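Topology and contacts: notes
Below are the chains, spelled out letter by letter.
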Amino acid sequence: MIRRVLAQCTVSDLARAEAWYAALFDRGPDARPMPGLLEWHLGDTFGLQVWSEPARAGQSTVVLDETDLDAAAAHATKAGATHDGPQPGGGARILPLTDPDGNRVVFIGK
């Protein structure tokens, strides 16, 4: 039985990615299970892995459902992530962000 889901973003520079995601999530990684891998446990059953694999970097997309998209946009700005603010998309609103490698991190919500 599947008990947990971990989305993954593949990056070229793990230290740079750690700084970006730590600012976005307002905390450092929860785990470093092996060299080249960082994990943020965003809930009991879900999270995000950031994996160093330069040849595949920048090809990932993760979607995170946020309870307060306006607050997420304000926090992303404070964290240094550039964006155009929440936009309509798919019957909800979305906040598309791009990490330093070009991976898409999309927050969805109301």
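The structure presented is a predicted model; accordingly, all values stated were derived computationally and were not measured.

A full pass over the atoms with the stated rule returns 6 salt bridges. Note that E53 and R56 form a salt bridge whose closest N and O atoms lie 3.0 Å from each other. For E53, a relative accessible area of 28% corresponds to the partly exposed category.

In this structure's numbering, the residues bearing the UniProt feature "domain: VOC" (unreviewed entry) are residues 3-110. Across residues 3-110, the secondary structure splits into 20% helix and 41% strand, with the terminal C-alpha atoms separated by 27 Å.

Once that is clear, we can look at the packing of aromatic side chains. Under the defined criterion, the tally for this structure stands at 4 aromatic pairs. On the numbers, 6.2 Å between centres and 35 degrees between planes, the contact of Y21 with F25 is tilted. Of this pair, Y21 and F25 are both found in helix α1 (residues 14-25), 4 residues apart, which corresponds to roughly one turn of the helix. Across the pair, exposure class does not vary: Y21 and F25 are buried alike. Judged by centre distance (6.0 Å) and plane angle (40 degrees), the ring pair of Y21 and W40 falls under tilted. Separated by 19 residues along the polypeptide, Y21 in helix α1 and W40 in strand β3 (residues 37-41) bring together distant segments of the chain.

Next up on the list: the sheet that holds strand β5 (residues 61-65). Judged by pairing direction, the sheet is mixed, and its 4 strands sit side by side in the order β5-β8-β7-β6 without closing on themselves. Of all strands in the sheet, those bounded by a partner on one side alone are β5 and β6 (87-89). Neighbour to neighbour, the strand axes of the sheet diverge by 35 degrees on average, direction disregarded. By the bridge criterion, 5 bridges tie β5 to strand β8 (residues 104-109) in an arrangement that is parallel. Looking at β8, one finds that D65 is bridged to I108. Against the sheet, α1 engages β5, β7 (92-98) and β8, with an angle of about 10 degrees to β8. Strands in contact with helix α2 (residues 69-78) are β7 and β8; relative to β7, the strand with the most contacts, it is inclined by about 15 degrees.

A positive phi angle, close to 65 degrees, is found at D26, a residue other than glycine. Along the polypeptide, D26 turns up in the loop between α1 and β2 (31-34). Under the relative-accessibility criterion, D26 is labelled exposed at 61%.

On to α2, then. When we look at burial in α2, the residues that qualify are L69, A72, A73 and A76. Seen end-on, α2 carries its buried residues on one side only, within an arc spanning 100 degrees. For α2, the elements touching its buried residues are α1, β7 and β8. Count one or two residues on from α2 and you reach G80, which has phi positive near 95 degrees.

Rules and cut-offs
Residues numbered from 1 in each chain as written. Predicted model: local features only at pLDDT ≥ 70, side-chain atom pairs only at ≥ 80, totals over all residues. Heavy atoms only, no water. Salt bridge = Lys/Arg side-chain N within 4 Å of Asp/Glu carboxyl O. Buried < 20%, exposed > 50% of the residue type's maximum accessible area, 1.4 Å probe, protein only. UniProt positions renumbered as here; feature names shortened; annotations may be inferred. Helix = DSSP H or I, 4+ residues; strand = E, 2+ residues; numbered from the N terminus. Phe/Tyr/Trp six-rings, centres within 6.5 Å; stacked < 30°, edge-to-face > 60°. Pairing = 2+ DSSP bridges. Axes fitted to C-alpha atoms, helices over the stretch in contact; angles between N-to-C directions. Contact = heavy atoms within 4.5 Å. Arc of directions from axis to C-beta.

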